[in-house]
Amino acid sequence: MAINGFGATEFQLVLLRRMADYRPDLVEDAVRRLGATRAGMREANKRWQAMVRAPGFPRGAARYAAVLGPPGASVARPIGDLACTARQWELPLWPGLRFEILLGPADAGAPLLNEWLVRAAGTPAPELRTPADLAPWSCVVGDVATAFPPAVPREGSAPTRFQLDFGVPDQDGRVRAYTADFTWGLLQEVREA
(Lines give C-alpha, C1' and ligand atoms only; values in the text may rest on other atoms or scores of the structure.)
Protein backbone atom coordinates (compact mmCIF):
# COMPACT_ATOMS: atom_id res chain seq x y z
CA MET A 1 0.00 0.00 0.00
CA ALA A 2 1.18 3.52 -0.68
CA ILE A 3 -0.27 7.01 -0.66
CA ASN A 4 0.85 9.27 -3.49
CA GLY A 5 3.66 6.83 -4.31
CA PHE A 6 4.90 6.89 -0.72
CA GLY A 7 5.04 3.39 0.78
CA ALA A 8 7.20 1.12 2.91
CA THR A 9 10.42 1.75 0.96
CA GLU A 10 10.10 5.51 1.26
CA PHE A 11 9.13 5.23 4.92
CA GLN A 12 12.25 3.16 5.64
CA LEU A 13 14.30 5.88 3.93
CA VAL A 14 12.75 8.40 6.35
CA LEU A 15 13.85 6.26 9.30
CA LEU A 16 17.33 5.94 7.81
CA ARG A 17 17.64 9.71 7.31
CA ARG A 18 17.67 10.27 11.07
CA MET A 19 20.04 7.34 11.66
CA ALA A 20 22.61 8.80 9.23
CA ASP A 21 23.68 11.31 11.88
CA TYR A 22 25.12 8.42 13.90
CA ARG A 23 25.79 5.57 11.47
CA PRO A 24 26.35 6.85 7.92
CA ASP A 25 28.18 3.62 7.01
CA LEU A 26 25.24 1.38 7.95
CA VAL A 27 22.76 3.79 6.38
CA GLU A 28 24.67 3.83 3.10
CA ASP A 29 24.49 0.03 2.89
CA ALA A 30 20.78 -0.02 3.81
CA VAL A 31 19.95 2.65 1.22
CA ARG A 32 21.64 0.52 -1.45
CA ARG A 33 19.71 -2.59 -0.29
CA LEU A 34 16.50 -0.61 -0.81
CA GLY A 35 17.61 0.23 -4.34
CA ALA A 36 17.75 3.94 -3.51
CA THR A 37 20.34 6.70 -3.29
CA ARG A 38 21.23 9.26 -0.64
CA ALA A 39 19.48 11.87 -2.78
CA GLY A 40 16.42 9.62 -2.83
CA MET A 41 16.61 9.33 0.95
CA ARG A 42 16.69 13.11 1.34
CA GLU A 43 13.76 13.45 -1.09
CA ALA A 44 11.72 10.82 0.79
CA ASN A 45 12.33 12.68 4.05
CA LYS A 46 11.35 15.99 2.45
CA ARG A 47 8.12 14.45 1.09
CA TRP A 48 7.31 12.85 4.46
CA GLN A 49 7.77 16.16 6.28
CA ALA A 50 5.53 17.92 3.75
CA MET A 51 2.86 15.19 4.01
CA VAL A 52 2.71 15.17 7.82
CA ARG A 53 2.31 18.95 7.83
CA ALA A 54 -0.38 18.95 5.14
CA PRO A 55 -3.86 19.62 6.56
CA GLY A 56 -5.48 16.74 4.67
CA PHE A 57 -2.93 14.05 5.56
CA PRO A 58 -4.22 11.51 8.10
CA ARG A 59 -3.14 11.89 11.73
CA GLY A 60 -2.21 9.35 14.40
CA ALA A 61 -2.58 5.67 13.53
CA ALA A 62 -4.30 6.48 10.22
CA ARG A 63 -1.08 8.15 9.00
CA TYR A 64 0.88 4.92 9.24
CA ALA A 65 -1.93 2.77 7.84
CA ALA A 66 -2.10 5.10 4.81
CA VAL A 67 1.59 4.56 4.09
CA LEU A 68 2.27 1.02 5.38
CA GLY A 69 -1.14 -0.62 5.04
CA PRO A 70 -2.98 -2.39 7.82
CA PRO A 71 -0.79 -3.30 10.81
CA GLY A 72 0.49 -6.86 11.01
CA ALA A 73 -0.35 -6.91 14.71
CA SER A 74 -2.49 -4.88 17.07
CA VAL A 75 -2.22 -5.75 20.75
CA ALA A 76 -3.48 -4.35 24.03
CA ARG A 77 -0.62 -2.83 26.00
CA PRO A 78 -1.58 -1.59 29.46
CA ILE A 79 0.69 1.19 30.74
CA GLY A 80 -0.10 1.65 34.41
CA ASP A 81 -3.83 2.39 34.53
CA LEU A 82 -4.00 3.33 30.85
CA ALA A 83 -5.47 0.88 28.33
CA CYS A 84 -3.11 1.48 25.40
CA THR A 85 -2.80 -0.31 22.07
CA ALA A 86 0.38 -1.15 20.16
CA ARG A 87 0.18 -1.52 16.37
CA GLN A 88 3.10 -3.03 14.50
CA TRP A 89 4.31 -3.26 10.91
CA GLU A 90 7.03 -5.42 9.40
CA LEU A 91 9.75 -3.55 7.50
CA PRO A 92 12.06 -5.47 5.12
CA LEU A 93 15.28 -3.80 6.33
CA TRP A 94 14.82 -5.13 9.86
CA PRO A 95 13.15 -8.57 9.63
CA GLY A 96 13.52 -9.35 13.36
CA LEU A 97 11.99 -6.02 14.36
CA ARG A 98 8.67 -4.26 13.91
CA PHE A 99 7.83 -0.59 13.55
CA GLU A 100 5.47 0.07 16.44
CA ILE A 101 3.18 2.92 17.32
CA LEU A 102 1.74 3.12 20.80
CA LEU A 103 -1.72 4.62 21.03
CA GLY A 104 -3.29 5.99 24.19
CA PRO A 105 -6.79 5.09 25.35
CA ALA A 106 -9.55 5.22 22.74
CA ASP A 107 -11.72 7.32 25.06
CA ALA A 108 -9.04 10.00 24.91
CA GLY A 109 -9.11 10.00 21.10
CA ALA A 110 -6.31 7.39 20.91
CA PRO A 111 -3.39 9.86 20.89
CA LEU A 112 -0.10 8.68 19.44
CA LEU A 113 2.26 8.24 22.41
CA ASN A 114 5.33 6.68 20.81
CA GLU A 115 6.70 5.40 17.49
CA TRP A 116 9.80 3.25 17.14
CA LEU A 117 11.32 -0.10 16.24
CA VAL A 118 10.77 -2.97 18.69
CA ARG A 119 11.77 -6.63 18.81
CA ALA A 120 9.26 -8.83 16.92
CA ALA A 121 7.30 -11.28 19.08
CA GLY A 122 9.00 -14.66 19.07
CA THR A 123 12.32 -13.25 17.84
CA PRO A 124 15.06 -13.79 20.41
CA ALA A 125 16.99 -10.77 21.58
CA PRO A 126 20.75 -10.87 21.14
CA GLU A 127 22.80 -12.02 24.10
CA LEU A 128 23.89 -8.82 25.83
CA ARG A 129 26.28 -9.23 28.76
CA THR A 130 28.78 -6.41 28.37
CA PRO A 131 28.84 -3.04 26.59
CA ALA A 132 31.04 -4.70 23.93
CA ASP A 133 28.01 -6.81 22.96
CA LEU A 134 26.06 -3.67 22.06
CA ALA A 135 26.83 -3.40 18.36
CA PRO A 136 25.07 -0.66 16.38
CA TRP A 137 21.72 -1.77 14.93
CA SER A 138 21.88 -5.08 16.86
CA CYS A 139 19.23 -4.28 19.43
CA VAL A 140 16.39 -2.00 20.46
CA VAL A 141 15.59 -0.05 23.62
CA GLY A 142 13.73 -2.97 25.23
CA ASP A 143 16.65 -5.35 24.66
CA VAL A 144 19.13 -3.06 26.42
CA ALA A 145 16.74 -2.17 29.25
CA THR A 146 16.14 -5.86 29.92
CA ALA A 147 19.83 -6.81 29.74
CA PHE A 148 21.11 -4.01 32.00
CA PRO A 149 18.59 -3.23 34.75
CA PRO A 150 17.88 -0.78 36.13
CA ALA A 151 18.38 1.25 32.95
CA VAL A 152 17.20 4.83 33.23
CA PRO A 153 15.43 6.29 30.16
CA ARG A 154 16.12 9.83 29.00
CA GLU A 155 14.92 11.95 26.12
CA GLY A 156 17.34 12.22 23.25
CA SER A 157 18.42 15.32 21.36
CA ALA A 158 15.48 15.10 18.90
CA PRO A 159 11.95 13.60 18.91
CA THR A 160 13.11 10.40 17.17
CA ARG A 161 16.03 9.90 19.58
CA PHE A 162 16.11 8.18 22.94
CA GLN A 163 18.78 7.40 25.51
CA LEU A 164 19.27 4.79 28.23
CA ASP A 165 21.71 5.23 31.07
CA PHE A 166 22.87 1.99 32.68
CA GLY A 167 25.67 0.57 34.78
CA VAL A 168 27.84 -2.51 34.34
CA PRO A 169 30.21 -3.87 36.99
CA ASP A 170 33.82 -4.08 35.82
CA GLN A 171 36.29 -6.84 36.80
CA ASP A 172 36.99 -5.09 40.11
CA GLY A 173 33.29 -4.87 40.97
CA ARG A 174 33.06 -1.12 40.38
CA VAL A 175 30.00 -0.06 38.42
CA ARG A 176 30.86 1.81 35.24
CA ALA A 177 28.20 4.11 33.80
CA TYR A 178 27.21 3.99 30.13
CA THR A 179 24.79 5.79 27.86
CA ALA A 180 23.18 4.10 24.85
CA ASP A 181 21.82 6.29 22.04
CA PHE A 182 18.90 5.13 19.91
CA THR A 183 17.21 6.54 16.82
CA TRP A 184 13.67 5.29 16.15
CA GLY A 185 14.34 2.78 18.96
CA LEU A 186 17.33 1.16 17.21
CA LEU A 187 20.74 1.24 18.94
CA GLN A 188 23.18 3.63 17.29
CA GLU A 189 26.07 3.90 19.77
CA VAL A 190 27.15 3.25 23.35
CA ARG A 191 29.60 5.40 25.24
CA GLU A 192 31.01 5.42 28.72
CA ALA A 193 29.36 8.20 30.69
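Residues numbered from 1 in each chain as written. Predicted model: local features only at pLDDT ≥ 70, side-chain atom pairs only at ≥ 80, totals over all residues. Heavy atoms only, no water.

**Q** Residues and numbers for the side chain of T183, please.
**A** Residue position: T183 is located in strand β7 (residues 175-183). On the basis of relative accessible area, T183 is assigned to the buried category, the value being 0%. (Helix = DSSP H or I, 4+ residues; strand = E, 2+ residues; numbered from the N terminus. Buried < 20%, exposed > 50% of the residue type's maximum accessible area, 1.4 Å probe, protein only.)

**Q** With reference to specific residues and values, describe the pattern of salt bridges.
**A** All told, the structure shown has 16 salt bridges when counted by the stated rule. Measuring nitrogen to oxygen at the nearest pair gives 2.4 Å for the salt bridge that ties R161 to D21. Here R161 is found in strand β6 (residues 161-169), whereas its partner D21 is found in the loop between α1 (8-19) and α2 (24-33), with 140 residues between them in sequence. The buried category is assigned to R161, whose relative accessible area is 16%. A residue is classified by how much of its surface remains accessible, and D21, at 46% relative accessible area, is partly exposed. R119 serves as the salt-bridge partner of D143, at 2.5 Å between the closest nitrogen and oxygen. Highlighted residues: D143 in helix α5 (residues 141-147) and R119 in strand β4 (residues 112-119), separated in sequence by 24 residues. Residue class for D143 comes out buried when judged on its relative accessible area of 9%. Where salt bridges share partners, they join E28, D29, R32, R33 and R38 into one cluster. (Salt bridge = Lys/Arg side-chain N within 4 Å of Asp/Glu carboxyl O.)

**Q** Break down the sheet that holds β7 for me, with residues and values.
**A** Strand order in the open sheet made by the four strands is β5-β6-β7-β8, with antiparallel pairing throughout. Each end of this open sheet is capped by a strand with a single partner; those strands are β5 (152-155) and β8 (186-192). Between one strand and the next, the sheet's axes are offset by a mean angle of 25 degrees, whatever the strand orientation. Relative to β6, β5 runs antiparallel, the two sharing four bridges. Bridging across to β6, R154 finds its partner in Q163. (Pairing = 2+ DSSP bridges. Axes fitted to C-alpha atoms, helices over the stretch in contact; angles between N-to-C directions.)

**Q** Outline the nonpolar core, supporting the account with residue identities and numerical values.
**A** By size, the foremost hydrophobic cluster in this structure holds 35 residues, and its most contacted members are F11, L16, M19, W48, W94, F99 and L117. Of all the secondary-structure elements, those providing two or more residues to this core are α1, α2, α3 (38-53), α4 (60-68) and β3 (97-103). Sorting elements by how many residues they give to this core places α1 first, with six residues. The contact partners of F99, leaving out residues within four places of it in the chain, are F11, L15, Y64, L68, R87, Q88, W89, L91, E115, W116, L117 and W184. (Core = buried A, V, L, I, M, F, W, Y, C linked by side-chain atoms within 4.5 Å. Contact = heavy atoms within 4.5 Å.)

**Q** Provide a residue-level description of the environment of G96, including the pertinent values.
**A** Considering the arrangement of structural elements, one finds G96 in the loop between β2 (82-90) and β3. Taking the C-alpha atoms as reference, G96 lies 5.6 Å from A120; in sequence the two are 24 residues apart.

**Q** Can you explain α4? Please cite residues and give values.
**A** The buried fraction of α4 amounts to seven of the nine residues, a majority that puts the element mostly inside the structure. Of all the residues in α4, the buried ones are G60, A61, R63, Y64, A66, V67 and L68. Elements that come into contact with the buried residues of α4 comprise α1, α3, β2, β3 and β4. The positive-phi residue at the C-terminal boundary of α4 is G69, with phi of around 85 degrees.

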